[in-house]
Amino acid sequence: MLAAAQHRTPRRNRIIRTLVVAGTGAAVLALPLIGATAASAAGSSTTTASTTLAGYPNNLDGWIRESLAIMREKKIPGTYNGIYRNLMRESSGNPRAINLWDSNAAKGIPSKGLLQVIDPTFNAYHVAGTSFDIYDPVANITAACNYAAARYGSIDNVHGAY
C-alpha cells in the first residue's frame, strides 16, 4: 500500500470520529429537552389525549404550564424551573409515582404523584378548579405548590424533600 493512502485513511477516520462525537454530544444535550416531555407521559396509562381540557399539551410541559396558569389566577407563587426541578427529584416526571417505603408510607399515607404529596396535604391545599384526584398531574402540582407557598414562600424555595 502506498504511503499517501495510509496517511489519508487515518485522517478520514479521525474526521468521521470527530463528527460522530460532536453529533452524539448534541444528542446528549437535546435528550433532556426532548425526553423530559415524551418519556414522562409514557409511564401513565391515563394520558391518551394529546391535549388537556384546557388546551395544554398532555405531557409534563403542558401540566406545568397549566398549573402555572391556575397558580397565577390564584396568586400562588412559583416558576416553571422551580416546579420542574422539584418534580424531577420527587418522581422523575411520573404522575403515577408512589412512595411505599418512607415514614409517611409506614404510617399508611404514602406520597403520591408528580410532587409526592400525601393525601392529607393534598386535601388541605387542594386548589379549586382542579381535580380531586391526587394522581391528576395538574391538581398534584398545583396543590403541592400551594402547600410550598404556605410553608416555604414558594416551590422555588424548596431544594429537598418537603
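Refer to the structure above for everything that follows.
This report concerns the structure included in the present document. (Residues numbered from 1 in each chain as written. Predicted model: local features only at pLDDT ≥ 70, side-chain atom pairs only at ≥ 80, totals over all residues. Heavy atoms only, no water.)

1. Side note on the overall build of the chain
The line we're drawing: Strands are runs of DSSP state E lasting at least 2 residues, helices are runs of H or I lasting at least 4, and numbering of each runs from the N terminus. Working definition: with a 1.4 Å probe on protein chains only, accessible area under 20% of the residue-type maximum means buried, over 50% means exposed, and in between means partly exposed. Residues are treated as being in contact if the distance between any of their heavy atoms lies within 4.5 Å. Residue burial considers only the protein chains on display, and all accessible areas are found by Shrake-Rupley using a 1.4 Å probe.
The helix and strand inventory of the chain stands at six helices and two strands. For the chain, the residues scored as buried account for 38% of the 162 residues in total. For the chain, the share of sequence-separated contacts (at least 6 apart) that also reach a separation of at least 24 residues comes to 45%. Split by element, the accessible area of the chain, about 9,400 Å² in all, is 59% carbon and sulfur.

2. Examining helix α3 (residues 80–91)
Selection criterion: In a helix, the anticipated span is given by 1.5 Å times the number of residues less one.
Between its first and last C-alpha atoms α3 spans 16 Å; for twelve residues at 1.5 Å apiece the expected length is 16 Å, and the two agree. For α3, the secondary structure elements touched by its buried residues are α2 (60–74) and α6 (137–152). One or two positions beyond α3, positive phi appears at Ser92, with a value near 60°.

3. Section: the pattern of salt bridges
Note the following rule: The term salt bridge refers to a pairing of a side-chain nitrogen on Lys or Arg with a carboxyl oxygen on Asp or Glu at a separation within 4 Å.
What the rule picks out here adds up to three salt bridges. As a salt-bridge pair, Arg89 and Glu90 come within 3.2 Å of each other at their nearest N and O atoms. Looking at Glu90, the relative accessible area reads 22%, which means it is partly exposed. Note that Asp119 is salt-bridged to Lys112, the shortest N-O span being 3.0 Å. A relative accessible area of 26% places Asp119 in the partly exposed class.

4. Focus: the nonpolar core
Note the cut-off: Only buried residues count toward a nonpolar core, which is a set of Ala, Val, Leu, Ile, Met, Phe, Trp, Tyr and Cys residues joined through side-chain atoms within 4.5 Å.
Counting residues in each nonpolar core, the largest one holds 26 residues, and the members touching the most others are Ile64, Ile83, Leu87, Ile141 and Cys145. Secondary-structure elements contributing two or more residues to this core are α2, α3 and α6. With eight residues, α6 is the single largest residue contributor to this core. Setting aside anything within four residues of it in sequence, one finds Ile141 in contact with Trp63, Ile64, Ser67, Ile83, Leu87, Leu114 and Leu115.

5. Here we look at the environment of Ala150
Looking at where Ala150 falls in the secondary structure, it is placed in helix α6. Residue classification places Ala150 among the exposed residues on the basis of a relative accessible area of 55%. Considered as a pair, Ala150 and Pro77 are 73 residues apart in the sequence and their alpha carbons are 9.8 Å apart.

6. Brief notes about the packing of α2 against α3
So the rule is basically this: To get an axis, a line is fitted to the C-alpha atoms, and for a helix only the part in contact is used. The angle between two axes follows their N-to-C directions and goes from 0 to 180 degrees. Under this scheme an angle from 65 to 115 degrees is roughly perpendicular, one under 35 degrees roughly parallel, and one over 145 degrees roughly antiparallel; angles in between are oblique. What makes a crossing left-handed is the near helix being turned counterclockwise from the far one by less than a right angle; a clockwise turn instead makes it right-handed. When residues are sorted by character, Ala, Val, Leu, Ile, Met, Phe, Trp, Tyr, Cys and Pro go into the nonpolar class, Asp, Glu, Lys and Arg into the charged class, and all the rest, Gly among them, into the polar class.
With their axes 10 Å apart at the nearest point, α2 and α3 run at an angle of 130° to one another. One way to sum up the angle between α2 and α3 is to call them oblique. Crossing of α2 against α3: the hand is right-handed. When α2 is examined against α3, the residues Leu60, Asp61, Ile64, Arg65, Leu68 and Met71 are found in contact with a partner set consisting of Tyr80, Ile83, Tyr84, Leu87 and Met88. The residue makeup of the contact of α2 with α3, split by class, is nine nonpolar, no polar and two charged.

7. Observations regarding the packing of α2 against α6
The contact between α2 and α6 brings their axes to 9 Å, and the two run at 50°. In terms of orientation, α2 and α6 fall into the oblique class. Pair α2 / α6 crosses with right-handed handedness. Residues Trp63, Ile64, Glu66, Ser67, Ile70 and Met71 of α2 form the contact with α6, whose participating residues are Pro137, Val138, Ile141, Thr142 and Cys145. For the contact of α2 with α6, the class distribution of residues is eight nonpolar, two polar and one charged.

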